[in-house]
Amino acid sequence: MNPSPEIRPKSRFYYGWIIVLLTFVTLLVSAGIRSLPSVLLLPFQDEFGWSRGSISSVISIGILLYGLVGPFSASLLLRFGFRKVIICSLSVLGLSLAVTPFIHALWQFELLWGVVSGLSTGMMANVLGVTVSNQWFAKRKGLIIGLLTASAATGQLLFLPLFAKLTSDLGWRYAVYLAVASIVVVLVAVAIWMRNHPYEVGAAPYGSTEVVKPEPFRGNILIAPLHNLRLAMKHPTFWLLAGTFFFCGFSTNGLIGTHLIAACGDHGMLEVAAAGLLAMMGIFDLFGTTISGWLSDRFDSRKLLFWYYGLRGLSLLFLPFALNSASPAMLVVFSVFYGLDWIATVPPTAKLAGETFGKERSGMIFGWVVVAHQIGASTAAYGAGVLRDWLGSYSQAFVIAGFVCFVAAVMAMQIRKAQSRAAEMAM
């Protein structure tokens, strides 16, 4: 049963903005914690003697599960509501982090960070932002998705330098303690103020004047995402979106998010300074992704994707030169240029999914598109670590990622024709 709306005096302030703030903070903390393994890579190699490829394989599993849980997260969010799902996910994540300081074997790291952390943070990923925007907003969805997507960059901006500094000064365990404390704070805030639907506070979705009850979730929680996947696979647009997002993940969190600090370490840069570069990317990505959401409300999303992927490819081809130059200025140029474009692809991709598959299905289908993203990220996280072990350098991985971004740019320009055929198939 849906809860009755609360009796509130009429106010010009829309409660949905509180929901956006809570979701932003939840995604921020989740993203910050997902960035922690990039700081742990070198300390774990030194303390436990694990190879970089072995540690990368654990990160790869976590990234893959983070994406794979997305479509099922969408159905759980619709069935049980944001509040219950987020509280449960944060509790499990906090427990896994609290146990992490006591690990001493690779299989324990695989269980806690490959499986548990991957699944629990996956419940608080891009699909959450898309679902919140669909439930609470009839207008400005692109802007909201862009803002919530940018929370990942903000989480990196806030947490990575702190994690790196604590790891350098006190040891990696203190960085984990900070992550646990952050989870507790967010969990309390969500428990108190999170609501699932505008109807619960007697409001209409933003941009609408009609207060309506939420549509009850129909179908099986596990079967519904698979059913929507089967329908989506009939449309060429789905394959183009999934393909471009595979290359997106390959060139972002799987490669740069996982290995940039280690790559900088190979060139003599201190871990704290390298984490600062990632934090700088977070600053510029916060602006870039939010602006991307605004642009996706006004311009052709496929053209935006063409430029985003093309410019990202150029920046990745520039990265080996910046690292080999031993010039901090060159790395700053890369961080600014790449940061503006890091996850700016999410708002136009989510918009294209919504336009093609409709509001009710877009959350779960976008979740499957995100699965492709995380498969790409998982491939890069493991593959770049193996290449580094074999060749002694990350340069080859950066160049490969640059060229696949050009492939994604070309694919993005094919989406319009595929979308037209998809519409015909739906008639």
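Rules used throughout
Residues numbered from 1 in each chain as written. Predicted model: local features only at pLDDT ≥ 70, side-chain atom pairs only at ≥ 80, totals over all residues. Heavy atoms only, no water. UniProt positions renumbered as here; feature names shortened; annotations may be inferred. Core = buried A, V, L, I, M, F, W, Y, C linked by side-chain atoms within 4.5 Å. Buried < 20%, exposed > 50% of the residue type's maximum accessible area, 1.4 Å probe, protein only. Helix = DSSP H or I, 4+ residues; strand = E, 2+ residues; numbered from the N terminus. Contact = heavy atoms within 4.5 Å. Salt bridge = Lys/Arg side-chain N within 4 Å of Asp/Glu carboxyl O. Phe/Tyr/Trp six-rings, centres within 6.5 Å; stacked < 30°, edge-to-face > 60°. Axes fitted to C-alpha atoms, helices over the stretch in contact; angles between N-to-C directions. Parallel < 35°, antiparallel > 145°, perpendicular 65-115°, else oblique. Left-handed = near helix turned anticlockwise from the far one by under 90°. Nonpolar A, V, L, I, M, F, W, Y, C, P; charged D, E, K, R; others polar. Patch = residues over 30% accessible without salt bridge, like charges linked within 9 Å, V, L, I, M, F, W, Y side chains within 5 Å. Areas by Shrake-Rupley, 256 points an atom, 1.4 Å probe, with all protein chains shown as cover.

- In the nomenclature of an unreviewed UniProt entry, the protein chain is known as MFS transporter of Paenibacillus rhizolycopersici.
- Annotation of the protein chain in UniProt includes, under Subcellular location (unreviewed entry), the sentence "Cell membrane".

## Some points on the nonpolar core
Logical step 1: W136 and I256 are the most contacted members of the largest nonpolar core, which has 120 residues in total.
Logical step 2: With 14 residues, the single largest contributor to this core is helix α1 (residues 16-48).
Logical step 3: The residues contacting W136, other than those within four sequence positions of it, are Y14, Y15, G16, I19, F82, R195, N196, H197, P198, V201, P205 and Y206.

## Concerning the pattern of salt bridges
Logical step 1: Under the defined criterion, the tally for this structure stands at five salt bridges.
Logical step 2: Between E47 and R173 there is a salt bridge, with its nearest N and O atoms 3.0 Å apart. Separated by 126 residues along the polypeptide, E47 in helix α1 and R173 in helix α8 (residues 172-193) bring together distant segments of the chain.
Logical step 3: In this structure E47 comes out as partly exposed when scored by relative accessible area, which is 40%.
Logical step 4: A relative accessible area of 27% places R173 in the partly exposed class.
Logical step 5: For R302, the salt bridge goes to D300, with nearest N and O atoms at 3.1 Å.

## Focus: the packing of aromatic side chains
Logical step 1: Going through the model one piece at a time under the given rule, you end up with 26 aromatic pairs.
Logical step 2: A ring pair is formed by W50 and F109, whose centres lie 6.0 Å apart and whose planes are at 20 degrees; its orientation type is stacked. One end of the pair, W50, is in the loop between α1 and α2 (52-68); the other, F109, is in helix α5 (residues 106-122), with 59 residues separating them in the sequence.
Logical step 3: Judged by relative accessible area, W50 falls into the buried class, the value being 11%.
Logical step 4: Overall, F109 belongs to the buried group, its relative accessible area being 1%.
Logical step 5: Judged by centre distance (5.9 Å) and plane angle (80 degrees), the rings of F403 and F406 are edge-to-face. In this pair, F403 and F406 both sit in helix α17 (residues 395-412), three residues apart, roughly one turn of the helix.
Logical step 6: On the basis of relative accessibility, which here comes to 47%, the residue F403 falls in the partly exposed class.
Logical step 7: Note on F406: relative accessible area 26%, which makes it partly exposed.
Logical step 8: Ring pairs connect the aromatic residues Y14, Y15, W17, W136, F137 and Y206, which therefore count as one cluster.

## Structural notes on the environment of I87
Logical step 1: Within the secondary structure, I87 sits in helix α4 (residues 82-99).
Logical step 2: Along the primary structure I87 and Y15 are separated by 72 residues, whereas in three dimensions their C-alpha atoms are 20 Å apart.
Logical step 3: I87 has contacts with L187, V190 and A191, leaving out every residue within four places of it along the chain.

## Things to note about helix α3 (residues 70-80)
Logical step 1: For α3, the complete set of buried residues consists of G70, P71, F72, S73, A74, S75 and L77.
Logical step 2: In the stretch just after α3, G81 is the one whose phi turns positive, near 95 degrees.

## Things to note about the packing of helix α13 (residues 301-324) against α17
Logical step 1: Two elements in contact, α13 and α17, have axes whose closest approach is 8 Å; the angle formed by their N-to-C orientations is 165 degrees. One element, α13, and the other, α17, form an angle in the roughly antiparallel class. The interaxial crossing formed by α13 with α17 has left-handed handedness.
Logical step 2: When its residues are assigned to classes, the contact of α13 with α17 shows 18 nonpolar, five polar and two charged.

## Describing a nonpolar patch on the surface
Logical step 1: A contiguous nonpolar patch, built from I283, F287, I291, W294, F299 and L340 and spanning about 590 Å² of accessible area, is present on the exposed surface.
Logical step 2: By secondary structure assignment, the location of F287 is in helix α12 (residues 271-296).

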